[in-house]
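Chain residues, written in single-letter form:
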Amino acid sequence: VQQGLDQANQFFLENSNKQTWLTSDIFGWHTIPFDGATCDYGRIATLAQQAAAAAGFDLSSYNRYVYSFPGLACGWSGLGTVGGSPSHAWINGGPTRTLLSHELGHNLGLYHSHAYECGSTTLGTNCASYEYSDYLDTMGSGSGHYNAFQKERLGWLPNATHTIQSSGVYELELYE
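Please read all numbers here as calculations on a predicted model, not as lab measurements. (Residues numbered from 1 in each chain as written. Predicted model: local features only at pLDDT ≥ 70, side-chain atom pairs only at ≥ 80, totals over all residues. Heavy atoms only, no water.)

1. Examining the overall build of the protein chain
Line of reasoning, step 1. Looking only at helices and strands, the protein chain features four helices and five strands.
Line of reasoning, step 2. In the protein chain, the succession of helices and strands from N to C terminus is α-α-β-β-β-α-β-β-α.
Line of reasoning, step 3. Burial statistics for the protein chain: of 176 residues in total, 36% are counted as buried.
Line of reasoning, step 4. Of the contacts formed within the protein chain by residues at least 6 apart in sequence, a portion of 45% connects residues at least 24 apart.
Line of reasoning, step 5. Carbon and sulfur atoms provide 52% of the accessible area of the protein chain, an area that totals close to 11200 Å².
Line of reasoning, step 6. Here the protein chain contributes 6 positively and 15 negatively charged side chains, and the mean placements of these two sets differ by 5 Å. (Helix = DSSP H or I, 4+ residues; strand = E, 2+ residues; numbered from the N terminus. Buried < 20%, exposed > 50% of the residue type's maximum accessible area, 1.4 Å probe, protein only. Contact = heavy atoms within 4.5 Å. Areas by Shrake-Rupley, 256 points an atom, 1.4 Å probe, with all protein chains shown as cover. Lys, Arg positive; Asp, Glu negative; His and termini not counted. Charge placed at Lys NZ, Arg CZ, Asp CG, Glu CD.)

Below is the structure:
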């Protein structure tokens, strides 16, 4: 778990230009009275917090919770609440950097990165949006940086957008 968190921390530091990082405490592995037949992630959270509290850990000062557990046959490898405080992320199986960065991205308020397909036109009336289809972005199905839209939502791109108020020719440049 620690290795995945360390790698996710490096991802956030690089992605945010050192504006966001992770600080974590691990409260060990606890056996909870859960059979996994229903994949009830709310129950996993409740039981995990009860087990940590019973082991003497004070969780009151935390506003983000990550529950990592051995792989259950749930049909998902991770879940995360979108925004909010406290926020919760569930890691079903190995806590990889990509999976942690994706679910913690949800916790920070990000949604999935989509692809918008319009065939041979740039924009049109017969376009389709495909969830998870940004193949480069961790919030899509890739493992790279969050895309510029996501970084802007997080406030990581200061002065990156401008409102055009007059007609003219404008040149777009790469941000990084």
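2. Focus on the pairing of strand β3 (residues 87-92)
Line of reasoning, step 1. Among the six residues in β3, six count as buried, and that is most of the element.
Line of reasoning, step 2. Residues Ser87, Ala89 and Ile91 point to one face of β3 and His88, Trp90 and Asn92 to the other, with burial holding for every one of them.
Line of reasoning, step 3. Pairing of strand β2 (residues 78-80) with β3, which is carried by three bridges, proceeds in the antiparallel orientation. Across the sheet, residue leucine 79 finds its bridge partner in β3, namely tryptophan 90.
Line of reasoning, step 4. Connecting β2 to the antiparallel partner β3 that follows it, the hairpin turn spans six residues, and glycine 83 within it adopts a positive phi of roughly 70 degrees. (Pairing = 2+ DSSP bridges.)

3. Brief notes about the packing of helix α1 (residues 2-15) against helix α3 (residues 97-107)
Line of reasoning, step 1. Taken N-terminus to C-terminus, the directions of α1 and α3 make an angle of 60 degrees; their axes are 8 Å apart at the nearest point. Looking at the two axes, α1 sits oblique to α3. Read as a crossing pair, α1 and α3 show a hand that is right-handed. When α1 is examined against α3, the residues Gly4, Leu5, Gln7, Ala8, Phe11 and Phe12 are found in contact with a partner set consisting of Arg97, Leu100, Ser101, Leu104 and Gly105. (Axes fitted to C-alpha atoms, helices over the stretch in contact; angles between N-to-C directions. Parallel < 35°, antiparallel > 145°, perpendicular 65-115°, else oblique. Left-handed = near helix turned anticlockwise from the far one by under 90°.)

4. Observations concerning α1
Line of reasoning, step 1. Under the 1.5 Å per step criterion, the end-to-end length of α1 is 20 Å for 14 residues, consistent within 8% with the ideal 20 Å.
Line of reasoning, step 2. Those residues of α1 not exposed but buried are Gly4, Leu5, Ala8, Asn9, Phe11, Phe12 and Asn15. For α1, the angular spread of buried residues about the axis comes to 160 degrees, placing them on one side. In α1, those exposed residues whose orientation departs by more than 90 degrees from the buried face are Gln3 and Glu14.
Line of reasoning, step 3. Contact partners of the buried residues in α1: α3 and α4 (148-153).
Line of reasoning, step 4. Downstream of α1 by one or two residues, asparagine 17 has phi in the positive range, about 55 degrees. (Expected span 1.5 Å × (residues − 1). Arc of directions from axis to C-beta.)

5. Points about the environment of alanine 45
Line of reasoning, step 1. Within the fold, alanine 45 resides in helix α2 (residues 41-54).
Line of reasoning, step 2. In the structure, alanine 45 is positioned 43 residues away from histidine 88 in sequence and 8.0 Å away in space, judged by C-alpha atoms.
Line of reasoning, step 3. If we skip the residues at most four places from it in the chain, alanine 45 touches Tyr67 and Trp90.

6. Some thoughts on the state of the cysteines
Line of reasoning, step 1. If you walk through the whole model with that rule in mind, you get two disulfides.
Line of reasoning, step 2. Disulfide partner of cysteine 39: cysteine 74, at an S-S distance of 2.0 Å. Classification of the bridge connecting cysteine 39 and cysteine 74 rests on its S-S torsion, roughly -95 degrees, and on that basis the disulfide is left-handed. Residue cysteine 39 is located in the loop between α1 and α2, and its partner cysteine 74 is located in the loop between β1 (64-69) and β2; the two are separated by 35 residues in the primary sequence. The same class applies to cysteine 39 as to cysteine 74, namely buried.
Line of reasoning, step 3. One disulfide in the model links cysteine 118 with cysteine 127; its S-S distance is 2.0 Å. When the S-S torsion is 115 degrees, as for the bridge of cysteine 118 with cysteine 127, the disulfide is right-handed.
Line of reasoning, step 4. Among the residues examined, cysteine 118 registers a relative accessible area of 12% and is labelled buried.
Line of reasoning, step 5. Residue cysteine 127 is classed as partly exposed on the basis of its relative accessible area of 22%.
Line of reasoning, step 6. Along the protein chain, the cysteines engaged in disulfide bonds are linked according to the scheme 1-2, 3-4 when indexed in sequence order. (Disulfide = S-S within 2.5 Å.)

So far we have only geometry, and geometry alone does not tell us how the molecule works.
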